[in-house]
Amino acid sequence: MLDLCDQIFVLLKHWMLGWPIWPESVKPLVSILLSIVPIMLVFAGLFAIMTVLERKGLGRIQNRYGPNRVGPYGFLQFAADGIKALTKEDVVPRAADKVIHFLAPLVLIVPVFLAYSVLPFGRNMVPMDIDAGVLFFFAVGAATELAVFMAGWSSRNKYSLLGAMRAIAQMVSYEVPLIVSTITVVMMAGSLSTVKIVEAQADYSGQWPQWHLFTPWGFAGFVLFLIAAMAESNRSPFDLPEGESEIVAGYFLEYSGFKFALFFLAEYLGMFAVSGMAVTLFLGGWTAPLAFLSWLPSWLWFFAKLMALIFLFIWARGTVPRMRMDQLMNFAWKFMLPMALINILAAGLWHFLPAGMGRWMACSAVIGIPYILLGRGLVGGKQFAKRTYRFAE
Amino acid sequence: MTPLICYMLLAALLFSIGLAGALTRRNAILVLVGIELMLNAANLNFIAFWRYSEHPEALTGVMFVIFSIGVAAAEAAVGLALIIAVYRHYRTTNLDQVDSMKG
Amino acid sequence: MTLPFAMIAVVTLSSAVAAMSLRNLVHCALCLVGTFGGLAALFLQLDAQFAGLAQVLVYVGAVAILIVFAILLTRGAEPAQQPIVAGSWFIGVAVAALTFGSLVVTVITSSAITSPAGPKLDVAGDVTVKNIGARLMTDYVLPLEVVALLLTAALIGAVIIAMPNEAPDSKLKAESSKLKKSTNF
């Protein structure tokens, strides 16, 4: 019975594939469609819910209600936003490069959807189980940067171009710590396939899961991955390329109506995809956090962990101030890249030392001491004056 | 499967297109683009030969292509840095005007 | 010649021709991206998964962006005022045509191709990334280290070459360091 709940989508797909109305030659196509369409619908629905959740969450952090007019407690706001975006006039600047201006949202959305095909949503629920799954994910992530450039350049607007250049520089810089922190996981799991990485974390020692998060190198890798993921999807505190108070929405400035909605969709879907990858790599994918809870369906755990990470993203957006461009680049190249490389060293040590307390102390020291030294060293040189307050007299 | 000769003809065609572009265009960056096209055509040749070979488990073709991609990326980076340095001096990327050795 | 191969080949060739003959430099760079994508699809069709995905990651994700940045930094995005090809362009095209002719003649008459045994059909099981990694660490470890050294040298060299030569004005330097010391929040 529990097995039925767990595998319900797989069984549903096999049942639908077995209907006699499909001719044999069409069956592969039908199988592909049955895998893809639910994923697209689910994540588009998640995007819709998340826009409302984010605005209400940010509102509460800032001591106000979020949207609360449309629907019960404001939860139909996404419908109002969707109708507005779809019915707005599509304005294309006269001097814009029309072909590239039209293609940029498409070139952004297609790789983002492609990235979902290697995430394991549950037991046996991977759309495409290829041997180099993690590499595929990062390859299509790299393809999105070009679309950002196309959007910024084709608008023939100085602010757009500036925003696009900043966005590309930021995305390219943060791709390096993102990929290097993934290398530790791949090294310890022994494969680039996402299914095998989740299976390597599927054991329990007593009640406690053997996720990669609960090792020193896994924890450091998780933190690095999340920060780099926030920067990759241009999320606050790394949202200078689209900062509203500075360059008025940056590279998607000249887009209106449906194309703007597509950019928005692509940004949020990118965030979901990279959170899904973080869940797969570090948080054990679809496995339950405690052994006695593994009767709940695997896909439920995946989405629960995904929502937890999304909550973390929203929280970071509401709490941390925006970073300046040079601070951002310094952080990527001078702090995160050395930490990621040291993380690889710590993971190697973890593999070769015998299990026990000694291993924990050694690896934590290898990660912790450079962290403290780098942190102190990079901040140095700025003398902060004593804080003075001026009160009304 | 498509016969090997189709892949080879495609690679030869890509190579000649890259060569034609590298020899005729004036802008230095487009010469570099032509060179990248030629490298890619050679990579395609390697992979096609590897796939149709007697011992594909030796992975020779794939290894060569991995190294070739790495070297091509390094060469593109240095080449573009050189073009930027030349631009800073001559204020143009037109190869016909970059014609004197003395600064 | 199967249909997927024909479609991908047409896309790749047309993007390559467009990349070499368009007037606007940024359009050339974007067509080049199309060529790289087509080639990656061909690699994936030939069961070379790692090579195809590495092609997308490195060429589309890095080299194409480098080319685009270089075009923007050297004012190539403005419309070209002069004719786009060098004076003696027909010699270049003739040389390329000659090269193509000789390559085709070599390919068609070579005995290695006219007597094929057909491709081995079940290669996909051997071409795992694990095997590639094992080979990189055993048979090809020396080229691996050399390529690592080469990439480091290229990184440092590119930064040094593209850095501006002249030092900032000394007065400006003194002012900016004074400002830095008195930051108060």
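Residues numbered from 1 in each chain as written. Chains lettered and ligands numbered in written order. Predicted model: local features only at pLDDT ≥ 70, side-chain atom pairs only at ≥ 80, totals over all residues.

**Observations concerning the overall build of chain C**
What counts here: By definition, any uninterrupted DSSP run of H or I lasting at least four residues is a helix, any uninterrupted run of E lasting at least two residues is a strand, and each is numbered from the N terminus. The burial label depends on the number of other C-beta atoms within 10 Å of a residue's C-beta. Counts of 20 or more mean buried, 12 or fewer mean exposed, and intermediate counts mean partly exposed, with C-beta atoms placed from the backbone. Contact between two residues is assigned when their C-beta atoms, built from the backbone, lie within 7 Å.
Assigned secondary structure in chain C consists of eight helices and zero strands. Counting from the amino terminus, helix and strand elements in chain C follow one another as α-α-α-α-α-α-α-α. Counting all 185 residues of chain C, 30% fall into the buried class. Partitioning the contacts of chain C with sequence separation of at least 6, the portion at a separation of at least 24 is 53%.

**A word on the overall build of chain A**
So the rule is basically this: With C-alpha atoms as the basis for the radius of gyration, the globule rule is written as 2.2 Å multiplied by the number of residues raised to the power 0.38.
Check the secondary structure of chain A and you find 14 helices and two strands. Relative to the globule expectation of 21 Å for 393 residues, the C-alpha radius of gyration of chain A, 23 Å, shows essentially globular dimensions. By principal-axis analysis of the C-alpha atoms, chain A measures approximately 70 × 60 × 40 Å. Scored against the burial criterion, the 393 residues of chain A give a buried share of 40%. For chain A, long-range pairs separated by at least 24 residues make up 76% of all intrachain contacts whose partners lie at least 6 apart in sequence.

**Points about the interface of chain C and chain A**
Inclusion rule: Lys, Arg, Asp and Glu make up the charged group, whereas Ala, Val, Leu, Ile, Met, Phe, Trp, Tyr, Cys and Pro make up the nonpolar group; the residues left over, Gly among them, are polar.
At the interface, 22 residues of chain C touch 23 residues of chain A. Of all the secondary structure elements, the ones that give two or more residues to the side of chain C that touches chain A are helix H2 (25-45), helix H3 (49-73), helix H6 (129-138) and helix H8 (170-181) of chain C. In terms of residue count, the dominant contributor to the side of chain C that touches chain A is H3 of chain C (ten residues). Taken together, the residues that form the side of chain C that touches chain A break down as 13 nonpolar, six polar and three charged.

**A closer look at the nonpolar core**
Filter applied, for reference: We define the nonpolar core as any set of buried residues of the types Ala, Val, Leu, Ile, Met, Phe, Trp, Tyr and Cys, connected via C-beta atoms lying within 7 Å of each other. What counts as a domain boundary in this text is fixed by an automatic or database domain assignment.
The biggest cluster of nonpolar side chains holds 177 residues, and the ones touching the most others in it are Ala278 of chain A, Val62 of chain B together with Ala29 and Ala64 of chain C. Among the domains, domain 1 (1-79) and domain 2 (124-159) of chain C are the pair contributing at least three residues each to this core.

**A short note on the domain arrangement of chain C**
Residues and elements named next belong to chain C. The domain architecture assigned to chain C consists of domain 1 (1-79) and domain 2 (124-159). In this structure, domain 1 and domain 2 have C-alpha centres spaced 23 Å apart. Contact with domain 1, which involves four residues of that partner, is made by four residues of domain 2. Here the side of domain 1 that touches domain 2 is composed, by residue class, of two nonpolar, one polar and one charged.

**Some points on the interface of chain B and chain C**
Facing 59 residues of chain B, the contacting portion of chain C comprises 68 residues. Only helix H1 (4-24), helix H2 (28-51) and helix H3 (60-90) of chain B provide two or more residues apiece to the side of chain B that touches chain C. In terms of residue count, the dominant contributor to the side of chain B that touches chain C is H3 of chain B (20 residues). In the side of chain B that touches chain C, the residues fall into 44 nonpolar, nine polar and six charged.

**Description of unusual backbone geometry**
The phi torsion of most residues other than glycine is negative, and most of the peptide bonds are trans. Residues and elements named next belong to chain A. Positive phi, normally seen in glycine, also occurs at Asn63, with a value near 65°. With a phi close to 55°, Asn234 is a non-glycine residue in the positive phi region. Along the chain, the position of Asn234 falls in the loop between helix H9 (216-232) and helix H10 (244-247). Classification of Asn234 by C-beta neighbours within 10 Å gives buried; the count is 24.

**Examining H3 of chain B**
How we decide: Expected span of a helix: the number of residues minus one, times 1.5 Å.
For H3 of chain B, spanning 31 residues, the distance from its first C-alpha to its last is 44 Å, which sits close to the expected 45 Å at 1.5 Å a residue. In the segment just after H3 of chain B, Arg91 of chain B is the residue with positive phi, at about 65°.

**So, the packing of H2 of chain C against H3 of chain C**
All names here are of chain C. Quick note on the threshold: Note on geometry: axes are C-alpha line fits, over the in-contact stretch for helices, and angles between N-to-C directions span 0 to 180 degrees. Roughly parallel here means an angle under 35 degrees, roughly antiparallel means over 145, roughly perpendicular means 65 to 115, and every remaining angle is called oblique.
Contact geometry of H2 with H3 gives a least axis separation of 8 Å together with a crossing angle of 175°. One element, H2, and the other, H3, form an angle in the roughly antiparallel class. Of H3, the residues touching H2 (which contributes Leu25, Val26, Ala29, Leu32, Val33, Phe36, Gly37, Leu39, Ala40, Phe43 and Leu44) are Gln49, Ala51, Gly52, Gln55, Val56, Tyr59, Val60, Ala64, Ile67, Val68 and Ile71. Residue classes in the contact of H2 with H3 are distributed as 18 nonpolar, four polar and no charged.

**Quick notes on the arrangement of the chains**
Ranking by contact count across two pairs of chains in contact places chains B and C at the top. Here chain A and chain B are not in contact; the least distance found between their C-alpha atoms is 14 Å.

**Observations regarding the packing of H1 of chain B against helix H4 (residues 89-109) of chain C**
Note the threshold: Definitions for this section: a left-handed crossing has its near helix turned counterclockwise from the far helix by less than a right angle. A right-handed crossing has that turn clockwise.
Contact geometry of H1 of chain B with H4 of chain C gives a least axis separation of 8 Å together with a crossing angle of 165°. Relative to H4 of chain C, H1 of chain B is oriented roughly antiparallel. For the element pair H1 of chain B and H4 of chain C, the recorded crossing hand is right-handed. Here H1 of chain B contributes Ile5, Met8, Leu9, Ala12, Leu13, Ser16, Leu19, Ala20, Leu23 and Thr24 of chain B to the contact with H4 of chain C, which in turn contributes Trp89, Gly92, Val93, Val95, Ala96, Ala97, Thr99, Phe100, Leu103, Val104 and Val107 of chain C.

**With respect to H9 of chain A**
Residue and element names in this part refer to chain A. Look at H9: 24 Å from first C-alpha to last across 17 residues, which is about the 24 Å you get at 1.5 Å a residue. Summarising burial for H9: 15 of the 17 residues are buried, a large majority. Two residues or fewer past H9, Asn234 is found with a positive phi of approximately 55°.

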